[in-house]
Amino acid sequence: MRDVTDRITTVGEIIATTYPALCGYVLQSRSPSCGFRTTPVYDSQQQTLTDNGSGLFAQRIHNCYPDLPLCNDTELNLDSAVEFLAQVRAYQHRPA
């Protein structure tokens, strides 16, 4: 197994610094890289520490932009998509 932790963290940092106009992000739920508060986290013995962790990329984006609207793909239905887009628009027009 190859450890890609540093690469994923670096990509999150690159996205955060390369796209300062980023206003929202839809992430892949339960993903070890992209899940946001839906990702199982295990210890070295493969025991579940939590079912509500975040993937490395999602966590880096959230750390760089704590107020950025983030959403998991599985959370999107018609009503939640409308709400998410309203949050994105509000974030876009926030005072600097």
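To keep things clear, this report deals only with the structure shown in the data block.

Conventions and cut-offs
- Residues numbered from 1 in each chain as written.
- Predicted model: local features only at pLDDT ≥ 70, side-chain atom pairs only at ≥ 80, totals over all residues.
- Heavy atoms only, no water.
- Helix = DSSP H or I, 4+ residues; strand = E, 2+ residues; numbered from the N terminus.
- Buried < 20%, exposed > 50% of the residue type's maximum accessible area, 1.4 Å probe, protein only.
- Contact = heavy atoms within 4.5 Å.
- Areas by Shrake-Rupley, 256 points an atom, 1.4 Å probe, with all protein chains shown as cover.
- Lys, Arg positive; Asp, Glu negative; His and termini not counted.
- Charge placed at Lys NZ, Arg CZ, Asp CG, Glu CD.
- Pairing = 2+ DSSP bridges.

Considering the overall build of the protein chain
If you tally the helices and strands in the protein chain, you get 3 helices and 4 strands. Shown N-terminal to C-terminal, the secondary structure of the protein chain runs as helices and strands in the order α-β-β-β-α-β-α. Per-residue burial for the protein chain yields a buried fraction of 31% across its 96 residues. Long-range pairs, those at least 24 residues apart, make up 54% of the contacts in the protein chain between residues at least 6 apart in sequence. With an accessible surface of roughly 6,600 Å², the protein chain has 54% of that area assigned to carbon and sulfur atoms. The centroid of the 7 positive side-chain charges in the protein chain is displaced by 6 Å from the centroid of its 10 negative side-chain charges.

Some points on the pairing of strand β3 (residues 48–53)
In terms of strand pairing, strand β2 (residues 39–42) meets β3 through 3 bridges, oriented antiparallel. Bridge assignment links Val-41 to a residue of β3, and that residue is Thr-50.

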